[in-house]
Amino acid sequence: MTDRILQILKEIRPESDFAGSTDFLCDGLLDSFDMVTLVATLDKAFSISIEGTEIVPENFSNADTIRRLLLKYGVKE
């Protein structure tokens, strides 16, 4: 699942090195518009609907936090 997450991130911001970052937001790899795009893409790619209350920086700071969020929504590894 982590590879798929990194692939989606690369599609949103191809110039960014997400694999080498531990905090996408602090490192400037994602901005608020990218977050909205990421949530919509994850919803579609994994057939889920991430609730607005879950769209907080802590859930999107790196690939592992995104993976944990997806697991919470029942996405299988």
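Residues numbered from 1 in each chain as written. Predicted model: local features only at pLDDT ≥ 70, side-chain atom pairs only at ≥ 80, totals over all residues. Heavy atoms only, no water.

J.: So what about the side chain of aspartate 34? Which residues, and what values?
T.: You can see aspartate 34 is positioned in helix α2 (residues 32-46). The class of aspartate 34 is buried, set by a relative accessible area of 6%. Side chain to side chain, aspartate 34 and arginine 13 meet in a polar contact 2.5 Å long. (Helix = DSSP H or I, 4+ residues; strand = E, 2+ residues; numbered from the N terminus. Buried < 20%, exposed > 50% of the residue type's maximum accessible area, 1.4 Å probe, protein only. Polar contact = N/O pair within 3.5 Å; in protein donor to acceptor, adjacent residues only side chain to side chain.)

J.: Can you break down the environment of aspartate 31 residue by residue, with the values?
T.: Considering the arrangement of structural elements, one finds aspartate 31 in the loop between α1 (2-12) and α2. Owing to a relative accessible area of 39%, aspartate 31 belongs among the partly exposed residues under this scheme. From its side chain, aspartate 31 meets the backbone nitrogen of phenylalanine 33 in a polar contact 3.1 Å long. A polar atom in the side chain of aspartate 31 sits 2.8 Å from the backbone nitrogen of aspartate 34.

J.: Let's hear about the side chain of serine 21: which residues, and what values?
T.: The residue serine 21 is located in the loop between α1 and α2 in this model. A polar atom in the side chain of serine 21 sits 2.6 Å from the side chain of aspartate 27. Apart from the residues lying within four places of it in its own chain, the contact partners of serine 21 are Asp27, Leu29 and Asn62. (Contact = heavy atoms within 4.5 Å.)

J.: Requested: an account of the packing of α1 against α2, with residues and values cited.
T.: Pairs of packed helices are described in terms of their axes, by the angle between the two and the distance that separates them. At a minimum axis separation of 10 Å, α1 and α2 run at an interaxial angle of 135°. Judged by the angle between their axes, α1 and α2 are oblique. Along this stretch, α1 crosses α2, giving a crossing that reads as right-handed. Taken together, the residues of α2 that come into contact with α1 (itself represented by Arg4, Ile8, Leu9 and Ile12) are Asp34, Thr37, Leu38, Thr41, Leu42, Ala45 and Phe46. Here the contact of α1 with α2 is composed, by residue class, of 7 nonpolar, 2 polar and 2 charged. (Axes fitted to C-alpha atoms, helices over the stretch in contact; angles between N-to-C directions. Parallel < 35°, antiparallel > 145°, perpendicular 65-115°, else oblique. Left-handed = near helix turned anticlockwise from the far one by under 90°. Nonpolar A, V, L, I, M, F, W, Y, C, P; charged D, E, K, R; others polar.)

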